[in-house]
Amino acid sequence: MKILIADHEPLTRQRLRGIIEQFEHFTVLASEASNGLDAIDLCHQHQPDIVLMDIPMPVMSGLEAARQIGTMEQPPAVIFCTDRDEHALAAFNAQASGYLLKPVMPAALVQALQRASRLNRAQLSWLNNQHPDEEQSDHIAARTVRGLELIPLHDVLYFMADNKYVTVHHRHGEVLIDDSLKTLEESHARHFVRIHRNALVRRDAIESLSRDEQGHSFIHLRELPRALPVSRRHVPTLKKIMRSI
């Protein structure tokens with residue numbers, strides 16, 4: 001099984017590598033991640049079976065990286081290795097993936113590796129519910145010709161679905177992502193609202209609602225020169241939101 005180590009401390013990465021290399025059937029990738037963003041990128045590049053992930057890391061935390069990795073078509077299992085016990089210890093102890101406290105003991109690590117499997121959506125949901133006051137992710141991740149690109153969520157104006165892809169329209173351009181509109185709506189319901197079967201718009205970017213002579217409704221967003229069509233069924237919700245802004 002291929003294992004990726006993601007930890008911001010070089011000595012911790014070295015120690016974990018040393019433990020794992022003592023046992024057969026496990027191969028540690030030569031590439032290592034020092035932050036969550038690197039971990040996501042390396043997962044796409046090398047398709048590891050398991051990721052050993054720290055939680056507090058620069059650029060992107062292990063929790064956010066795990067959520068992004070969990071959306072991959074064939075996501076690896078994620079085992080958290082951290083010095084904090086308040087995040088998911090109770091949930092992951094009895095699950096396929098693990099949660100280990102530093103300093104990680106060799107026996108505990110090997111046991112966690114042996115019973116590791118992919119982090120499923122039920123576990124991700126539990127993890128997200130431990131932080132109800134936080135956005136599930138404060139970035140949108142997209143694979144582009146430049147590699148992995150992160151768009152800050154506060155820069156996104158609207159999402160537009162077209163066939164199997166969704167276009168993220170943000171303040172500095174647009175980019176395609178693989179996430180479904182339904183997943184985006186569920187993950188970011190606090191900040192985005194559906195206006196059509198194929199579109200979500202940022203709530204605090206809404207400026208006005210208008211109708212043309214044929215009775216078709218349109219939403220006008222700040223910083224967006226053109227209006228977006230609104231389906232009839234979503235007009236009442238938008239009017240309610242506008243009254244609260």
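About the thresholds
Residues numbered from 1 in each chain as written. Predicted model: local features only at pLDDT ≥ 70, side-chain atom pairs only at ≥ 80, totals over all residues. Heavy atoms only, no water. Helix = DSSP H or I, 4+ residues; strand = E, 2+ residues; numbered from the N terminus. Contact = heavy atoms within 4.5 Å. Patch = residues over 30% accessible without salt bridge, like charges linked within 9 Å, V, L, I, M, F, W, Y side chains within 5 Å. Areas by Shrake-Rupley, 256 points an atom, 1.4 Å probe, with all protein chains shown as cover. Salt bridge = Lys/Arg side-chain N within 4 Å of Asp/Glu carboxyl O. Lys, Arg positive; Asp, Glu negative; His and termini not counted. Charge placed at Lys NZ, Arg CZ, Asp CG, Glu CD. Pairing = 2+ DSSP bridges. Axes fitted to C-alpha atoms, helices over the stretch in contact; angles between N-to-C directions. Buried < 20%, exposed > 50% of the residue type's maximum accessible area, 1.4 Å probe, protein only. Polar contact = N/O pair within 3.5 Å; in protein donor to acceptor, adjacent residues only side chain to side chain.

1. Overview of the environment of Pro48
Structurally, the position occupied by Pro48 is in the loop between helix 2 (36-46) and strand 3 (50-53). For the pair formed by Pro48 and Thr27, sequence separation is 21 residues and the distance between their alpha carbons is 9.5 Å. Once residues within four sequence positions are removed from consideration, Pro48 is found in contact with Lys2, Leu4, Leu29, Leu42, Cys43 and Pro76.

2. Some words on a positive patch on the surface
A grouping of Arg211, Arg232, Lys239, Lys240 and Arg243 is seen on the molecular surface, where their side chains present a positively charged patch. Among the elements that make up the positive patch, the one with the highest residue count is helix 8 (residues 235-244) (three residues). Looking at where Arg211 falls in the secondary structure, it is placed in strand 13 (residues 206-211).

3. Looking at the sheet that holds strand 14 (residues 217-221)
If you walk across this open sheet you meet the three strands as 13-14-15, and the pairing is antiparallel. Whereas interior strands pair on both sides, the edge strands pair on one side only; in this sheet they are strand 13 and strand 15 (228-230). Taken over all neighbouring pairs, the strand axes of this sheet differ in orientation by 35 degrees on average, direction set aside. Sheet topology places strand 14 next to strand 15; three bridges connect them, and they run antiparallel. Its bridge partner being in strand 15, Ile219 is matched across the sheet by Leu228. Strand contacts of helix 8: strand 13, strand 14 and strand 15, with the helix running at about 140 degrees to strand 13, the strand carrying the most contacts.

4. What to know about the side chain of Asp54
Turning to its location among the elements, Asp54 is positioned in the loop between strand 3 and helix 3 (62-69). For Asp54, a relative accessible area of 2% puts it in the buried group. One polar contact links Asp54 to His8, side chain to side chain, over a distance of 3.2 Å. Ignoring sequence-local partners within four residues, the contact set of Asp54 consists of Ala6, Asp7, His8, Gly62, Cys81, Thr82 and Lys102.

5. Some details on the pattern of salt bridges
In this structure the tally under the stated criterion is nine salt bridges. The salt bridge partner of Glu32 is Arg17, with a shortest N-O separation of 3.0 Å. Of this pair, Glu32 sits in the loop between strand 2 (27-28) and helix 2 while Arg17 is found in helix 1 (residues 10-20), placing the two residues 15 residues apart along the sequence. In this structure, Lys102 and Asp54 form a salt bridge, with 3.4 Å as the shortest nitrogen-oxygen distance.

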